[in-house]
Amino acid sequence: MNQLFRCRSVLAGFCILFFAWPAFADPLPSWNDDEAKTRIITFVEGVTDPNGSGFVPVAERIAVFDNDGTLWAEQPLYFQVIYSLDAVRAAAAADPNYANTPALKAAVDGDMAALMADHAKGLFEVLDVTNAGITVEAYMADVRAWLDSARHPKTGKPYDSMVYQPMLELLRYLRDEGFQTYIVSGGGVHFIRAFGEQRYGIPPQQTIGSMAKQRYEVVDGVPQQIKEGGIFFVDDKAGKPVAIDRHIGRRPIFAGGNSDGDLEMLQWTTAGEGPRFALIVHHDDAAREWAYDRNSDIGRLDKAMDMAPEEGWLLVSMKKDWAKVFPWQ
């Protein structure tokens, strides 16, 4: 009888361990077990513990993230720029008279020096042209078709597979703990909405980005939203806190970025009362991704990197803190 009792006790112990296992599962398996991971988990546990002094109600658990260079790669050019250049080349191939301006000709020829001259005047024209005279639905469908067919020049992978596995895990972890996750990006809002929900689990209504001018009209009895081109709002630098207040209406308690374009968003987030967290993804892994910061034309990280220690922001080293970078590595 005693032996039977002991067997039942052991079996019960295994059952308890088995069914309790999810509670002990690592929420960030692609993060190395070091200070960065510990700081993130400690913060999340602190704001979600109802008996703790730092408890934050679910409604106030807002987390905001930049996209380019924070959630997915941004080299050798922002992916939306590559999409726009490809769109111009496709249009020019279909109509030889399409490239009728110096900027469009430079886009067809891949002359980035010409496009970036005079404060990137030519590049803005290209972005403007590819955002004009098309419905929002048609534009987003075109972006999805491009993502299905285009490949990154270095990795040969689809652009939307070049998302950061550790950041995907962080987004999921935060949502599992009652956070609402938002994208707050300098990229075009409709470009990101075309893939954001599928890749990040972030729905369109929680995606904030730069906006071109747009109009509503009824065409042949069908209500439509039509993109007109031209800049309506730039969601970058000081524009990010403004957009957060305008769209969300609450100051976030968690923010993630990677460049000086995110500095004001990190400032705004951590200047609030109560527990606050900000992180900066530092691209310092030339072997698995790219290494760049102060002198880069894309995703320059200079002032924000200097401010991080004094502000208490976490500087995440891709090389040291991430066990893997991309899901397919």
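Scroll up a little and you will see the structure.
Just so it is clear, the model here is predicted, and its values are computed rather than measured. (Residues numbered from 1 in each chain as written. Predicted model: local features only at pLDDT ≥ 70, side-chain atom pairs only at ≥ 80, totals over all residues. Heavy atoms only, no water.)

**As for the overall build of the protein**
Item 1. Helix and strand content of the protein: 13 helices and eight strands.
Item 2. For the protein, the spread of C-alpha atoms along the principal axes amounts to about 90 × 45 × 45 Å.
Item 3. Each of the 329 residues in the protein was classed as buried or not, and the buried ones make up 47%.
Item 4. A fraction of 66% describes how many contacts in the protein between residues 6 or more apart in sequence connect residues 24 or more apart.
Item 5. Carbon together with sulfur atoms contributes 54% to the accessible area of the protein, which is approximately 16300 Å² in total.
Item 6. Between the mean site of the 32 positive side-chain charges and the mean site of the 45 negative ones, the protein shows a separation of 4 Å. (Helix = DSSP H or I, 4+ residues; strand = E, 2+ residues; numbered from the N terminus. Buried < 20%, exposed > 50% of the residue type's maximum accessible area, 1.4 Å probe, protein only. Contact = heavy atoms within 4.5 Å. Areas by Shrake-Rupley, 256 points an atom, 1.4 Å probe, with all protein chains shown as cover. Lys, Arg positive; Asp, Glu negative; His and termini not counted. Charge placed at Lys NZ, Arg CZ, Asp CG, Glu CD.)

**Let's talk about the pairing of strand 8 (residues 314-317)**
Item 1. Pairing of strand 7 (residues 277-282) with strand 8, which is carried by four bridges, proceeds in the parallel orientation. Its bridge partner lying in strand 8, Leu 279 is registered against Leu 314.
Item 2. As for the winding sense of the linkage, the β-α-β connection from strand 7 through helix 12 (residues 303-311) to strand 8 is right-handed. (Pairing = 2+ DSSP bridges. Right-handed = clockwise from strand over helix to strand, strands pointing away.)

**A closer look at the nonpolar core**
Item 1. Ile 40, Met 167, Leu 170, Tyr 200, Phe 254 and Leu 279 are the most contacted members of the largest nonpolar core, which totals 55 residues.
Item 2. Looking at this core, the elements that each hand over two or more residues are helix 2 (35-48), strand 1 (62-65), helix 3 (79-94), helix 6 (136-149), helix 7 (165-176), helix 8 (189-193), strand 7 and strand 8.
Item 3. With residues up to four places along the chain from it excluded, the contact list for Tyr 200 reads Asn 67, Leu 71, Trp 72, Val 163, Leu 168, Leu 171, Arg 175, Ile 183 and Phe 195.
Item 4. One finds Ala 278, Ala 304, Met 305 and Trp 313 within the second-largest nonpolar core, a separate group that totals 21 residues. (Core = buried A, V, L, I, M, F, W, Y, C linked by side-chain atoms within 4.5 Å.)

**A closer look at the side chain of Asp 260**
Item 1. Residue placement: Asp 260 occurs in the loop between strand 6 (254-257) and helix 11 (263-270).
Item 2. There is no salt bridge for the buried Asp 260, and the closest opposite charge comes from Arg 300, which lies 6.5 Å off by N-O distance.
Item 3. Among the polar contacts made by the side chain of Asp 260, one reaches the main-chain amide nitrogen of Asp 302 at a distance of 3.1 Å.
Item 4. At 2.9 Å, the side chain of Asp 260 and the backbone nitrogen of Ala 304 are in polar contact.
Item 5. With sequence-adjacent residues up to four places away left out, Asp 260 is seen in contact with Lys 237, Arg 300, Leu 301, Asp 302, Lys 303 and Ala 304. (Salt bridge = Lys/Arg side-chain N within 4 Å of Asp/Glu carboxyl O. Polar contact = N/O pair within 3.5 Å; in protein donor to acceptor, adjacent residues only side chain to side chain.)

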